[in-house]
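# What the coordinates show
Chain by chain, the residues:
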Amino acid sequence: MADTPMQDEPLSLRTNLVNWLFTPLYLLLLFSTIAGYIAAIELSNRPYDLLLTERARHLAARLDPRRPAASEAALAQARQEGLRGAVFDAEGRHVLGDPALPKPRPRDLVDAEAHLHDALLGEHRMRLLTLKLPRGHALQVAEPTGERLTLSRRILGNIVIPQILFILIAGLAVWIGLKKGLEPLERLRRQLARRPRDDLNALDDSAAPSEVRPFIREINELLARLGESLEGQRRFVADAAHQLRTPFAGLTAQAELASREAGEGPLYDALQRILEGARRCSRLVNQLLALARNEPQRLATAPGEVLDLHRVARDAALRWAPEALARHIDLGLEADGRRLPVRGDEAALNDLLDNLIDNAVRYTPAGGHVTVRLGYAGGGEGGAWLRVEDNGPGIPPELRDKVFERFWRQPGNRQPGSGLGLAIVAEVALSHGARVEVEGGAGGRGTAFVVTFPHHAALDGTRA
C-alpha cells in the first residue's frame, strides 16, 4: 500500500515569533550558565588557593627530613587541622607523612614554584599543592574541595538565578507584546467571522497597522473581483431563466393542447410525459428567477416596508388551499389574529412562504396535514415567527444542515423537484435578517421549518 503523504502542520505566526525570540534567550541562558560556572570555580578557588599556599609554606618551615619525629608531629598536627601532607624525595619516593597521597608529578619536583591541581583520592576530590623543600625534597599537601564547591554554587546561584528571573520576565513581556501586536489580525479575523456569507464589501483598514494594510488591501481587491464574478453569474442565471421562461411556457401550452386532441393511446402517453417534463422545466426556471430575485445583495439595496406577516401568511395559505385539497391534505393556519409587523419585501416573503408550503404539501402523504403557525417571540430574542409543520416522512437530524444547499436533494427522494426551494427560503431569510431552523414535527413525525424575524418596534399587539 502506498504511503499517504503527511500534510504539513499549519504555520502559527505567534509560535514562529516565539521560537525566534525565545531561542536566543535560551541560548544566552545556557552560555551564561556555563560562563558563570567557570567564573564561580575561578572565584572560589582563588582565595582558598592563597590560603592553602600560606598554610603549606607554614608547614614546610616546620619540616626537616633529618628530624623525622618532629616532622611527623608537624604533619599530624596539620592533619588535625584538615590539611593532609606528605614529603617526597627528589625521585618522588615517599619519605614522611600520609602515604595515601599520590607522588608529585615530575615537573612539580623540578620547578621551584608551587603547583596546584585537583585529584581524586578514593571517593573524595582534593585540591593538591606541591612545594619544593631544601635538599631536593618536596612537600605535597591536600585539602578537601567541599567548601570550595559550596562557595562556587553560591556564586553560581547569585549569577544564574537573576538571569533566569530576567528571562522569565522578558518572556512574559514578549508574550504580552506578541498578543498585543497580533491584536489587529485578531480583530480582522473577528470582523470577517461576523460577516454574513454574502457580504463582499471592502474591509476597513483605517485602524490597522501599516504592516497589515497591504494585506487588507489585497483582500479587498480579491473581494471586489469575487463580487464582480458573482454578479456576472447572477446576471447570467437571471437572464438565462428569463429567456427560457417564455419557450417553456409555450411548450407546456402546446403539449396540453396536443394531449387533449390526441385521445387515448401511445401518442397521448408520450405527450403527457412531454407535458410533465415541460412543467418541471418551467418550475425550475421560475425557481431560478426567484433565486436571482431574492439574492440578499439585491434585497439589501431595496427599501423595505413594514408588512403584516399574519396577512402575508394568510394570503399564502389561501393560494395553496386548492393544491392541498387536490392532494387530500388538510392545510390550516393557526394565529391569534395579532398584527405581526416585519420589515421587508412582500414578494420575497411570498416566495419564502410559497416554497415552505409547497415543500410541505409535496412531501406529505394523502390524508396528512400541513399547519402554518404564527406568533411573537419577544423583543429580547426576536420578533414575529412563523412555523410550517407537516406530518410527512421527515428529515433525519444528520441531514438537516444540508437541506438549504442549492440543488441538494435527500437520498432516495422520488418527488419531483430541483432542490432550490429551501435555498430560496434561506436567501430570503438571510436578506431579512431572519433565522431559519429545521426541527422535527409534533410527536416525532414530519418536519417543521421555523423562521424567526428580528424584533420590530411597531409590534404593538393590536388585532389585525
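Quick caveat, the model's predicted, so the values are computed rather than measured.

On to unusual backbone geometry. The phi dihedral of His 328 is positive, around 60°, even though this residue is not glycine. Along the chain, the position of His 328 falls in the loop between helix 9 (309-326) and strand 7 (330-334).

With that settled, consider the sheet that holds strand 1 (residues 84-88). Strand order in this open sheet of 5 strands is 2-1-5-4-3, and the pairing throughout is antiparallel. Looking at which strands have only one partner, the edges of the open sheet turn out to be strand 2 (94-97) and strand 3 (115-121). Each neighbouring strand pair of the sheet contributes to a mean axis angle of 30°, computed without reference to strand direction. In the sheet, strand 4 (residues 124-132) pairs with strand 5 (residues 138-144) via 7 bridges, with the strands oriented antiparallel. Bridge assignment links Leu 129 to a residue of strand 5, and that residue is Val 141.

Let's shift gears to the pattern of salt bridges. Under the definition given, this model contains 17 salt bridges. Across the pair Arg 127 and Asp 118 runs a salt bridge, and its minimum N-O distance is 3.1 Å. Between Arg 362 and Asp 358 there is a salt bridge, with the nearest N and O atoms lying 3.2 Å from each other. Of the two residues, Arg 362 and Asp 358 are both situated in helix 10 (residues 346-363); the distance of 4 residues between them amounts to about one turn of the helix.

Time to look at the nonpolar core. Nonpolar side chains in soluble globular proteins tend to be buried together. Leu 309, Leu 352, Leu 356, Leu 386, Val 451 and Phe 453 are the most contacted members of the largest nonpolar core, which has 40 residues in total. Secondary-structure elements contributing two or more residues to this core are helix 9, helix 10, strand 9 (369-376), strand 10 (384-390), helix 11 (421-431), strand 11 (435-440) and strand 12 (447-452). In terms of residue count, the dominant contributor to this core is helix 10 (8 residues). Sequence-distant contacts of Leu 309, that is, excluding residues within four places in its chain, are made with Leu 340, Val 342, Leu 374, Ala 384, Trp 385, Leu 386 and Phe 453. In this structure, Ala 78, Val 87, Leu 96 and Leu 133 belong to the second largest nonpolar core, which totals 16 residues.

Between its terminal C-alpha atoms helix 4 (residues 146-181) stretches 51 Å, which fits the 52 Å expected from 36 residues at 1.5 Å a residue. Bending of helix 4 peaks at approximately 25° at the position of Gly 157. Along helix 4, the residues that are buried comprise Arg 148, Ser 152, Ile 155, Leu 156, Val 160, Ile 167, Ala 170, Gly 171 and Leu 178. Close packing links the buried residues of helix 4 with helix 1 (13-61), strand 4 and strand 5.

This brings us to the packing of helix 9 against helix 10. Put simply, helix 9 and helix 10 touch, their axes get as near as 10 Å, and they point 40° apart. By the angle between their directions, the pair helix 9 and helix 10 is classed as oblique. Between helix 9 and helix 10 the crossing geometry is right-handed. Only Glu 346, Leu 349, Asn 350, Leu 353, Asp 354, Ile 357, Asp 358 and Val 361 of helix 10 make contact with helix 9, whose side of the interface consists of Arg 311, Val 312, Ala 313, Ala 316, Ala 317, Arg 319, Trp 320, Glu 323 and Ala 324.

Right, let's get into the packing of helix 1 against helix 4. Where helix 1 meets helix 4, the axes come as close as 8 Å, and the angle between the chain directions of the two elements is 165°. One way to sum up the angle between helix 1 and helix 4 is to call them roughly antiparallel. In the packing of helix 1 onto helix 4, the handedness of the crossing is right-handed. The class makeup of the residues in the contact of helix 1 with helix 4 is 23 nonpolar, 8 polar and 5 charged.

Criteria and cut-off values
- Residues numbered from 1 in each chain as written.
- Predicted model: local features only at pLDDT ≥ 70, side-chain atom pairs only at ≥ 80, totals over all residues.
- Heavy atoms only, no water.
- Helix = DSSP H or I, 4+ residues; strand = E, 2+ residues; numbered from the N terminus.
- Pairing = 2+ DSSP bridges.
- Axes fitted to C-alpha atoms, helices over the stretch in contact; angles between N-to-C directions.
- Salt bridge = Lys/Arg side-chain N within 4 Å of Asp/Glu carboxyl O.
- Core = buried A, V, L, I, M, F, W, Y, C linked by side-chain atoms within 4.5 Å.
- Buried < 20%, exposed > 50% of the residue type's maximum accessible area, 1.4 Å probe, protein only.
- Contact = heavy atoms within 4.5 Å.
- Expected span 1.5 Å × (residues − 1).
- Bend = angle between axes of the 7 residues up to and from the residue.
- Parallel < 35°, antiparallel > 145°, perpendicular 65-115°, else oblique.
- Left-handed = near helix turned anticlockwise from the far one by under 90°.
- Nonpolar A, V, L, I, M, F, W, Y, C, P; charged D, E, K, R; others polar.

Read these as spatial facts, not as claims about activity.
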